[in-house]
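# Examination of the molecular architecture
Spelled out from the first residue to the last, the chains are:
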Amino acid sequence: MSRPSPGRDSLSDRVARTVATLCAGGVGPRWVVAVSGGIDSISMLHLLAETAQSTHLELVVAHLDHGVRGEAAREDARFVERTALDLGIDCELGRWNPLRENHFESDARIARYEWLAEVARRRRAHAIATAHTLDDQVETILHRFIRGTGIEGLRGIPSLRSSSDGIVIVRPLLEVSRRELTEFLEHRGIDHRVDETNQDIRHTRNRIRLDLIPGLEADFNPRVKEAIAGLGREVRAQHERQAPHIESLLRLTLVELSPRRCVFDLVPLRSIEPASQLALLRLAWRRAGFPLQGMSRGDWTRLLRVVDGADSRIDLPGRVAASTTHDRFSLEPAVLDDAAQDRSVSELAIPGLAIRPDLGGRLVVSLDQIMPCDESVDFDRLTLPLTLSTANAGERFDPLGMQGHSMPLSDFLRNRGVPRPRRRHVPIVRDGHGIVWVVGHRIAERIKITEQTRRPLHLAWIPLPGETAS
């Protein structure tokens, strides 16, 4: 618990005004508060708790263990739970197991947001609050600049981001420095946890925070953080002014937009000046669900060369192919030969989450009947474990509605209108007896829900967000 103070300090007032502005702008009052236990998130929790009565917020604390710090992580969870209890706020704890050793940071970020969204849906929350600060904004802009971002990457982290299911992500501390939060905790006598991995300079973000920014402050500009954050604000304002124009250009040029595919009319697309071409291609890229992470400034330049006709086809990060044919320009999954495909198998926890950037999405497995899902199967008819991968050569499938008669999976996909090159990339869920679900198409007859079903298992396939969460 924090010590009582004679009055609300300026930081509390600023956060209260930010919350009031967000709520006045349409953000509902039920918020899931993401709390790791560190300085930023503990400060946010206390500040939101202070303003909850005047702004009518209803808070739930959510803490996810990322599965890499052992007993220290478990103590973090206990600390967060105790803090929430002291503040009279419900707390949900979760745990995630890393799937890919060399992709921990990106996979953990995706897993964290997906779990937070699951908590928000279960709690009927309107928003997820994360404790990104001015320092995080500066680090993000620098990180993107170092990787070779275009002008849009300099926008940094948005203060509010909407999702497809109506839940928004809000960042009420985005204009607050970490120094201010440290002083706030010290003044109030509030404890927090320390994550030693934040000092590991093998991670790029840590090197930017611990080495690059202090060097820039010492050798070039002691107010470099304010300068970089100000640049981000200017770029965001310019983007907002241009957004209606880019939307109109998208409507003018777009022929087809679906998950993992978009097609443009090449003639009007080529008539647009390059900067606007790039902006509408980025917008379509996000809406088609292609991952932005990995796309450098050079990759976007190569993409424009295809539009202009200098190249007829290129492969891009995220296994996306850009090509022109006659009067069309297309973005769709790249066709890989068998040797290049990632045939890795993900074992599914129940309940659980499997993230597969190579397949363009993540699979959520749940026994919770209120969770949104694409398909439900009879849990007691499954032979565990469940796995997620891609099609095997010569594999057979007994689709729902065929009374248990099987057919070659390749024939099923052909009958469903899936082009031959894309059949290799369809996600497949299996149990010990074979295919359970051809994702996006149909479940197997043998595990369908019947009147005798007592435990339905719910499966949902969610395309990866076009813009990776910060």
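See the structure above.
Residues numbered from 1 in each chain as written. Predicted model: local features only at pLDDT ≥ 70, side-chain atom pairs only at ≥ 80, totals over all residues. Heavy atoms only, no water.

### Here we look at the overall build of the chain
Helix and strand content of the chain: 13 helices and 22 strands. A compact globule built from 470 residues would reach a C-alpha radius of gyration of about 23 Å, and the chain, at 24 Å, matches this within 12%. For the chain, the C-alpha atoms occupy an extent of roughly 75 × 60 × 40 Å along the three principal directions. Within the chain, the fraction of its 470 residues that count as buried is 49%. Sequence separation of at least 24 residues holds for 68% of the intrachain contacts in the chain that already meet a minimum separation of 6. Surface accessibility of the chain: about 22600 Å² in total, with carbon and sulfur atoms responsible for 51%. (Helix = DSSP H or I, 4+ residues; strand = E, 2+ residues; numbered from the N terminus. Rg over C-alpha atoms; globule rule 2.2 N^0.38 Å. Buried < 20%, exposed > 50% of the residue type's maximum accessible area, 1.4 Å probe, protein only. Contact = heavy atoms within 4.5 Å. Areas by Shrake-Rupley, 256 points an atom, 1.4 Å probe, with all protein chains shown as cover.)

### Some words on the packing of helix α1 (residues 10–24) against helix α6 (residues 178–188)
Their axes nearest at 10 Å, the elements α1 and α6 cross at an angle of 120°. Our classification of the angle between α1 and α6 gives oblique. Here α1 contributes L11, S12 and R14 to the contact with α6, which in turn contributes E180, L181, F184 and R188. Class assignment for the residues of the contact of α1 with α6 results in three nonpolar, one polar and three charged. (Axes fitted to C-alpha atoms, helices over the stretch in contact; angles between N-to-C directions. Parallel < 35°, antiparallel > 145°, perpendicular 65-115°, else oblique. Nonpolar A, V, L, I, M, F, W, Y, C, P; charged D, E, K, R; others polar.)

### With respect to the pattern of salt bridges
Opposite charge on two side chains permits pairing when their charged atoms draw close. Enumeration according to the criterion identifies 35 salt bridges in this entry. R287 is the salt-bridge partner of E247, the closest N and O atoms lying 2.3 Å from each other. One end of the pair, E247, is in helix α8 (residues 224–253); the other, R287, is in helix α10 (residues 274–288), and 40 residues separate them in sequence. Note on R287: relative accessible area 42%, which makes it partly exposed. One salt bridge connects D311 with R305, and the closest N-O pair in it is separated by 3.3 Å. The partly exposed category is assigned to D311, whose relative accessible area is 25%. The network of salt bridges with common partners includes D40, D136, E139, R178, R205 and R209. (Salt bridge = Lys/Arg side-chain N within 4 Å of Asp/Glu carboxyl O.)

### Things to note about the sheet that holds strand β21 (residues 442–443)
The sheet built from five strands is open, its strands ordered β12-β16-β19-β20-β21 with antiparallel pairing. Strands with a single pairing partner mark the edges of an open sheet, and in this sheet they are β12 (346–348) and β21. As defined by bridge partners, strand β20 (residues 434–438) adjoins β21 across two bridges and the pair is classed as antiparallel. The residue of β21 that forms the bridge with W437 is I443. (Pairing = 2+ DSSP bridges.)

### Side note on the nonpolar core
Among the nonpolar cores identified, the biggest contains 32 residues, and W31, L48, L59, V170 and L173 are the most heavily contacted of them. Mapped by element, the contributors of at least two residues to this core are α1, β1 (30–34), α2 (39–55), β2 (58–65), α3 (70–86), β4 (127–129), β6 (168–170) and α6. Broken down by element, this core gets its largest block of residues, six residues, from α2. Apart from residues no more than four positions distant in its own chain, L59 is found in contact with W31, V33, L48, A49, A52, I89 and D90. L363, V377, V418 and L459 belong to the second-largest nonpolar core, a separate cluster that totals 31 residues. (Core = buried A, V, L, I, M, F, W, Y, C linked by side-chain atoms within 4.5 Å.)

### Considering the packing of aromatic side chains
For the coordinates displayed, the defined rule picks out three aromatic pairs. Ring centres of W285 and W300 lie 5.3 Å apart, and the angle between their planes is 65°; this geometry places the pair in the edge-to-face category. In this pair, W285 sits in helix α10 while W300 sits in helix α11 (residues 297–308), placing the two residues 15 residues apart along the sequence. For the pair shown, W285 and W300 are each scored as buried. Judged by centre distance (5.0 Å) and plane angle (80°), the rings of F397 and F412 are edge-to-face. With F397 in strand β17 (residues 396–397) and F412 in helix α12 (residues 409–415), the pair connects residues that are 15 residues apart, well separated along the chain. Taken as a pair, F397 and F412 share a single burial class, namely buried. (Phe/Tyr/Trp six-rings, centres within 6.5 Å; stacked < 30°, edge-to-face > 60°.)

### Comments concerning the sheet that holds strand β13 (residues 352–356)
Spatial strand order, β13-β14-β22-β15: four strands in an open sheet with antiparallel pairing. Unpaired on one side and paired on the other, β13 and β15 (375–378) mark the two borders of the sheet. The sheet shows a mean angle of 20° between the axes of neighbouring strands, taken without regard to direction. Where β13 meets strand β14 (residues 361–366), five bridges bridge the pair, whose relative direction is antiparallel. Following the sheet pairing, G352 is matched in β14 by V365.

### Considering the packing of helix α5 (residues 134–147) against α8
Viewed as axis vectors pointing N to C, α5 and α8 meet at an angle of 75°, and their least axial separation amounts to 9 Å. Regarding the angle of α5 to α8, the classification is roughly perpendicular. On α8, the residues that touch L134, D135, Q137, V138, I141 and L142 of α5 are K225, I228, A229, G232, R233 and R236. Considering only residue class, the contact of α5 with α8 consists of six nonpolar, two polar and four charged.

### Focus on the environment of T18
Mapped onto the elements of the fold, T18 is located in helix α1. In this structure, the C-alpha to C-alpha distance between T18 and R171, residues 153 residues apart in sequence, is 9.3 Å.

### A word on α3
Helical periodicity: at 3.6 residues per turn, an α-helix aligns residues three or four positions apart in one direction. The terminal C-alpha atoms of α3, which comprises 17 residues, lie 25 Å apart, in line with the 24 Å expected from a rise of 1.5 Å per residue. Those residues of α3 lying buried are A73, D76, A77, F79, V80, T83 and A84. Seen from one end, α3 has its buried residues packed into an arc of 160°, which puts them on one side. Looking at the buried positions of α3, the neighbouring elements they touch are α2, β2 and β3 (90–95). Positive backbone phi, at 75°, marks G88, one or two positions downstream of α3. (Expected span 1.5 Å × (residues − 1). Arc of directions from axis to C-beta.)

### Observations regarding the side chain of R362
Following the sequence through the fold, R362 ends up in strand β14. A distance of 3.1 Å separates the side chain of R362 from the side chain of E114, its partner in a polar contact. (Polar contact = N/O pair within 3.5 Å; in protein donor to acceptor, adjacent residues only side chain to side chain.)

### Concerning unusual backbone geometry
Across the chain, the bulk of peptide bonds are trans and the bulk of non-glycine residues have phi less than zero. With an omega dihedral of -5°, the bond running from I350 to P351 counts as a cis peptide bond. Structurally, P351 can be placed in the loop between β12 and β13. Cis geometry is adopted by the peptide bond preceding P385, which originates at L384 and carries an omega value of 10°. The topology assignment puts P385 in the loop between β15 and β16 (386–389). Positive phi, close to 60°, is recorded for R124, a residue that is not glycine.

Remember that the coordinates give geometry; whether it matters functionally is a separate question.
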